[in-house]
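Inside the fold
Residue strings, one per chain:
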Amino acid sequence: MKALVLTEYNHFDLQEVPKPSIRPNEVLVRVQAVGICGSDVHGMDGSSGRRIPPIVMGHEASGIIAEVGSDVKNWATGDRVTFDSTVYVLDDWYSRRGQYNLSDGREVVGVSTPDFKRNGAFAEYVAIPQHILYAVPDNVSFTQAALVEPVAVALHAVSLTPIQVNDSAVVVGSGMIGLFVIQVLKLAGCGTIIAIDLDDDRLALAQKLGATHSINAKSGDVAKQVQDLTHGRGADVSFEVVGAGPTVKTAIDCVRKGATVTLVGNLAPTVEMPLQAIVTRQLRLQGSCAINGEYEAALALISSGRMNVEAILSAEVPLEEGADWFKRLYEKEKGLIKVVLKP
């Protein structure tokens, strides 16, 4: 089969590689669409430490079942499917407690670390355990289904955050996940949703998708602007979806006393924290890791039209052009948010 292989950092080759063999509890999915995730872009240059070459990346995908393992039940060849990015053990202590995203020994599709390597979906076929499969509704396209994973990431982050109807929220970063978080906050009943970014085009899209206000981080005192929009107090909750020191600080600075700050971005391994501000203002900081059962809700929201995934789609291109589009995303080409490859 054809596969886009990260052979060394910052270098891809389109190669002929063996088709994956499947275990008894797995299915072979013929990939129809696969998204380039921001984590893949940062994995490409080695900065995240989670894409050790050689590796076939890609974890946001959809396709058609081409083969089923001997122990697979309730799935058949021809079924239209998507799948969770987390491969977890069903009898793990965390999985039994309903926290499979935290399970010990979990793996991620298309990720390679010193502890595991699992090839992903930048290929014609990918092997997937049956227990992380989800059926794609008839009215959801393969491209839309390839975007279910980031929608579910946004749903998980908001589900962890204490929100009441008409609360105010700040979202720092208007990339793909930030734009989905904004849509989920609107569905959750937030009255004031403030998008913060450095790109005016992305901020305009954020307002189209549900933000009530937008602030360019270069425009002056961001925290003061947020206070002016929130009765002088600051926002009830904030979401950081970049993963860098300055944006984490912004997310903390923009909330009221007693607020919750949810950290979704995962770019920098460490960041500085304003400890005294966190303690004296009694802030709650929490991380949001991946997905924990939100796939069905994400698929339902896309199917019903309540979640707009097409708005963030920049291009659909053949797998053969993947290396070039990775480069364009890495160089932050203006206007690019999400690229979907078609093997």
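Going by the annotation in an unreviewed UniProt entry, the name recorded for the protein chain is Alcohol dehydrogenase zinc-binding domain protein, with Spirosoma linguale given as the source organism. Reading the Sequence similarities (unreviewed entry) entry of the UniProt record for the protein chain gives the comment "Belongs to the zinc-containing alcohol dehydrogenase family." One UniProt comment on the protein chain, placed under Cofactor (unreviewed entry), says "Zn(2+)".

Within strand β19 (residues 338–342), four of the five residues are buried, which leaves it mostly tucked inside the rest of the structure. Taken together, the two bridges between strand β3 (residues 26–35) and β19 define a ladder with antiparallel strand orientation. Bridged to Gly35 within β19 is Val340. Of the strand pairs in this sheet, strand β18 (residues 313–318) and β19 are connected by five bridges, and their pairing is parallel. Across the sheet, Val317 pairs through a bridge with Leu341, a residue of β19. Of the crossover connections in this fold, the one passing from β18 over helix α11 (residues 322–330) to the parallel β19 is right-handed.

What follows deals with the domain arrangement of the protein chain. By domain assignment, the protein chain separates into domain 1 (2–136 + 312–341) and domain 2 (153–287). Distance between the C-alpha centres of domain 1 and domain 2: 29 Å. Facing the eight residues of domain 1 at the interface are eleven residues of domain 2. The contact between domain 1 and domain 2 buries some 790 Å² in all, and 66% of this surface belongs to carbon and sulfur atoms. Of all residues in domain 1, Ile312, Lys334 and Ile337 give up the largest surface area on contact with domain 2, accounting jointly for 57% of the area buried on that side. Counting every contact that joins domain 1 to domain 2 gives two salt bridges. Scanning the region where domain 1 abuts domain 2 turns up two residue pairs in polar contact (both at pLDDT 80 or more).

So, on to the pairing of strand β4 (residues 60–68). One ladder, built from eight bridges, connects β3 with β4; its direction is antiparallel. The partner of Arg30 across the bridge, within β4, is Ile64. Alignment of β4 against strand β5 (residues 80–83), held across three bridges, turns out to be antiparallel. The partner of Ile64 across the bridge, within β5, is Arg80.

Taken as a whole, this structure holds 14 salt bridges when the rule is applied. Residue Lys338 pairs with Glu60 through a salt bridge whose shortest N-O separation is 2.3 Å. Separated by 278 residues along the polypeptide, Lys338 in strand β19 and Glu60 in strand β4 bring together distant segments of the chain. Note on Lys338: relative accessible area 0%, which makes it buried. Overlapping salt bridges, with partners in common, bring together Glu26, Glu107 and Arg118 in one network.

This paragraph deals with the side chain of Gln183. Secondary-structure assignment places Gln183 in helix α5 (residues 176–187). Engagement of the side chain of Gln183 in a polar contact is seen with the backbone nitrogen of Asn308, the distance being 2.8 Å. Beyond its immediate stretch of four places on either side in the chain, Gln183 contacts Leu209, Arg306, Met307 and Asn308.

Where helix α4 (residues 148–159) contacts α5, the two axes come as close as 8 Å, and the packing angle between them is 55°. It follows from the interaxial angle that α4 and α5 lie oblique. The two elements α4 and α5 cross, and the hand of that crossing is right-handed. Judged by residue contacts, Pro150, Val151, Val153, Ala154, Leu155 and Val158 of α4 engage Met176, Ile177, Phe180, Val181, Val184 and Leu185 from α5.

With that out of the way, let us pick up the side chain of Asp236. Structurally, Asp236 is set in strand β15 (residues 235–240). Assessed through its relative accessible area of 15%, Asp236 is described here as buried.

For the rest of this paragraph, the subject is the packing of α4 against helix α10 (residues 295–304). Where α4 meets α10, the axes come as close as 9 Å, and the angle between the chain directions of the two elements is 115°. Judged by the inter-axis angle, α4 sits roughly perpendicular to α10. Here α4 and α10 pass one another in a crossing that is right-handed. Contacts between α4 and α10 involve Val148, Glu149, Val151, Ala152 and Leu155 on the former and, on the latter, Tyr295, Ala297, Ala298, Leu299, Leu301 and Ile302. Here the residues of the contact of α4 with α10 sort into ten nonpolar, no polar and one charged.

How each quantity is defined
- Residues numbered from 1 in each chain as written.
- Predicted model: local features only at pLDDT ≥ 70, side-chain atom pairs only at ≥ 80, totals over all residues.
- Heavy atoms only, no water.
- UniProt positions renumbered as here; feature names shortened; annotations may be inferred.
- Buried < 20%, exposed > 50% of the residue type's maximum accessible area, 1.4 Å probe, protein only.
- Helix = DSSP H or I, 4+ residues; strand = E, 2+ residues; numbered from the N terminus.
- Pairing = 2+ DSSP bridges.
- Right-handed = clockwise from strand over helix to strand, strands pointing away.
- Domains from an automatic or database assignment.
- Contact = heavy atoms within 4.5 Å.
- Buried area = accessible area lost by both parts, 1.4 Å probe.
- Salt bridge = Lys/Arg side-chain N within 4 Å of Asp/Glu carboxyl O.
- Polar contact = N/O pair within 3.5 Å; in protein donor to acceptor, adjacent residues only side chain to side chain.
- Axes fitted to C-alpha atoms, helices over the stretch in contact; angles between N-to-C directions.
- Parallel < 35°, antiparallel > 145°, perpendicular 65-115°, else oblique.
- Left-handed = near helix turned anticlockwise from the far one by under 90°.
- Nonpolar A, V, L, I, M, F, W, Y, C, P; charged D, E, K, R; others polar.

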